[in-house]
Amino acid sequence: MDERTDGKVGAFEERWRASLDDPQTFWLDAAQAIDWQTAPTRALDARSPFYRWFPDGELNVCANALDRHVDAGHGDRAALIYDSPVTGTVRSYSYAQLLDEVARFAGVLAVLGVGRGDRVVVYMPMVPEAAIAMLACARLGAVHSVVFGGFAPRELAVRIDDATPVVVVSASCGIEGSRVLEYKPLLDKAMELAEHKPGKRVILQRPQAQATMGPDDVDWAEAMATAEPAEPVPVAATDPLYILYTSGTTGKPKGVVRDSGGYAVALAWTMANIYAVGPGETMFTASDVGWVVGHSYIVYAPLLVGATTILYEGKPVGTPDAGQFWRVAAEHGAKTLFTAPTAFRAIKKEDPKGALLGGYDLSGLRYLFLAGERLDPETYRWASDLLGIPVVDNWWQTETGWPICANPVGVEELPIKPGSPTVPMVGWDVRVVDGSGQPVPPNTDGAIVIKLPLAPGALPTLWNDDDRFIRSYLSAFEGYYLTGDGGRIDDDGYVYVMGRTDDVINVAGHRLSTGGMEEALASHPAVAECAVIGVADPLKGQVPRGLVVLKAGVDRPEEELRTELVALVRERIGAVASLRDVDVVAALPKTRSGKILRRTMRGIADGVEEPVPSTIESIDVLDALRPVLRRE
């Protein structure tokens, strides 16, 4: 980032520079927001490539999230609000009530043999007990690994084998829209497939489906009825808090390790400085605890700062309508709403004029944050015009644990540039390099990398696989972490993330970003969402193909729309884009976290059967697209 045209350095830029120039001082100061059993005297142990934050500190993350607020006299403050339109349930837990539940469930786990450093797999729907189980593990110094509820048995088994848990915590069922999905048969099958056999399984019985219990199964309610509360166990700041597996396609999944101290310090910093949410204020993060956003901003970050968090069991549309986010935010007084761009594209498709917003008072909603997929300018403008509040894109990854780039509205609101997640946050030294690792000039596309060390809270390694950690992230360019994303940085230091580097296509020798073409397609008033993939071409090497989903109520001849869309890309990108092929489709295949499966679609179009990610939301959507992609 450069100095401003008036020669003054902004309040945030001053902090960002300080975090890079003197990380020891900056992060030791930030660490004062956390209660330590043993306060750290050093911020960074810089033994490349295995950097460690607060190496001589000791703490308990659960005690920081719950006990200290109760001890400070805030036990009556709302900690967690469970809102479930799929079951018609709204339930609120005060800090004192949540602490009681967590301490007693930690007692349940302790009786089942869980101790410091042991792993516990959590395979749960979006219910309060999922967060309670996570926090109970943290209380014992155990390591939780949350697997998205409803994952296929083989994928669950692979994660069980990798994490080798002492206990699995699950539920009788989850609810996907209007469908009840029984988890226990999936878990039983996973246990058959897994080589590692956890000792016990704790099962939360839900009224929508009762699970058949076996000799190794423990009923959640029965165990809690006689449980003795457990006290928090201090752990080293460098000890793992959790393992979160990235959505791989084949082979052994990558278990991202999250440390305890660096993560707690970083999250506390983000709440005040990025999300502008403090004690007693409410944050509504519409995600899932199976993903990193749910870990960080449903469970840990809001509770670390004494805020109120909303745990929502439902969808952005269809449970029952596209106005549920507005209802939840209005009813519970959310100051900040955080979700994925794909959720807003779904809302825009169902309710393009935002008519459902009219029934709700959102005067208390100050910010909308979006992350998970690139926020295209059209979705940004739609949300911004509809809500009349800052719409803040932020870019990060499972590996980083919190935003690499965002708009630090808690420090100062920087000008928003549609298409950019604004600037790097403290601790992140973001660069753009060419294929040989050399820096490129501003406004030049390249590979986005981060100069080591990574900020506190980022992964220190992969679970039981240091070699893979180095091979996957650190070997491409010495001294840098490879994000896997491509893009550019402009003259003002704003970062533009245009998509994964394998979404750059080579058309007759011209390297073109599919993200730019998607931007053009998304700007058409009939388009709700879109994807562009590069498919093999004998003459040009690759050519782009566009797939668009139309907004509800649009009824126009496809050929007419196709002509307009091709002309739009030609106008915005130029004839070199060579996009002449656009299909109107009912839906795009996505992961459960909202990422569009471009690589999988590209493989199908090229006649190559790419493995389908285990995280796919609906295989039916992909099956319906096969004849379109293959031109059958």
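Residues numbered from 1 in each chain as written. Predicted model: local features only at pLDDT ≥ 70, side-chain atom pairs only at ≥ 80, totals over all residues. Heavy atoms only, no water.

Trainee: Explain empty space enclosed by the protein to me, and be specific about the residues and the numbers.
Mentor: Where empty space is left in the structure can be found by rolling a water-sized probe over the atoms. Across all of its chains, the model carries four cavities of 30 Å³ or more by this definition. Volume-wise, the largest cavity comes out at about 140 Å³. Looking at the largest cavity, it is lined by 14 residues, and the ones nearest its centre are Tyr-51, Leu-454, Ala-458, Leu-459 and Pro-460. Classifying every residue of the lining of the largest cavity by side-chain character gives 11 nonpolar, one polar and two charged. (1 Å grid on protein atoms, 1.4 Å probe; cavity = no way out; pocket = protein on both sides within 12 Å on 5 of 7 lines; lining within 4 Å. Points joined across faces, edges and corners; volume = space filled by probe spheres on them. Nonpolar A, V, L, I, M, F, W, Y, C, P; charged D, E, K, R; others polar.)

Trainee: Give a description of the packing of aromatic side chains that names residues and reports values.
Mentor: Given two aromatic rings, their pairing is described by the distance between the two centres and the angle made by the two planes. Counted according to the given criterion, the structure contains 30 aromatic pairs. Judged by centre distance (6.5 Å) and plane angle (15°), the ring pair of Tyr-242 and Tyr-300 falls under stacked. Highlighted residues: Tyr-242 in strand β14 (residues 240-245) and Tyr-300 in helix α10 (residues 292-304), separated in sequence by 58 residues. Over the ring of Tyr-494 we find Lys-417; its NZ or CZ atom is 4.4 Å from the centre of that ring. The ring centre of Tyr-496 lies 4.6 Å from the NZ or CZ of Arg-488, which sits over that ring. (Phe/Tyr/Trp six-rings, centres within 6.5 Å; stacked < 30°, edge-to-face > 60°. Helix = DSSP H or I, 4+ residues; strand = E, 2+ residues; numbered from the N terminus. Lys NZ or Arg CZ within 6 Å of the ring centre and 35° of its normal.)

Trainee: Residue-level account of the sheet that holds strand β25 (residues 480-489), with values.
Mentor: The four strands are arranged β23-β24-β25-β26 in an open sheet whose pairing can be described as antiparallel. Each edge of the sheet is formed by a strand with only one pairing partner; in this case those strands are β23 (430-433) and β26 (495-500). Each strand axis lies, on average, 50° off the axis of its neighbour in the sheet, ignoring direction. Where β25 lies against β26, five bridges are found, and the strand directions are antiparallel. (Pairing = 2+ DSSP bridges. Axes fitted to C-alpha atoms, helices over the stretch in contact; angles between N-to-C directions.)

Trainee: Provide a residue-level description of the pattern of salt bridges, including the pertinent values.
Mentor: In this structure the tally under the stated criterion is 37 salt bridges. Across the salt bridge formed by Asp-239 and Arg-116, the nearest N and O atoms sit 2.7 Å from each other. Residue Asp-239 is found in the loop between β13 (235-236) and β14, and its partner Arg-116 is found in the loop between α4 (95-111) and β6 (119-123); the two are separated by 123 residues along the sequence. Measuring nitrogen to oxygen at the nearest pair gives 3.8 Å for the salt bridge that ties Lys-315 to Glu-617. Remark: Glu-617 occurs in the loop between α17 (598-605) and α18 (619-630) and Lys-315 occurs in the loop between β17 (308-312) and α11 (324-331); sequence separation between them is 302 residues. Taking the relative accessible area as the measure of exposure, Lys-315 reaches 27% and is therefore partly exposed. A residue is classified by how much of its surface remains accessible, and Glu-617, at 44% relative accessible area, is partly exposed. Among the charged side chains, a network of salt bridges with common partners joins Lys-184, Asp-188, Arg-201 and Asp-217. (Salt bridge = Lys/Arg side-chain N within 4 Å of Asp/Glu carboxyl O. Buried < 20%, exposed > 50% of the residue type's maximum accessible area, 1.4 Å probe, protein only.)

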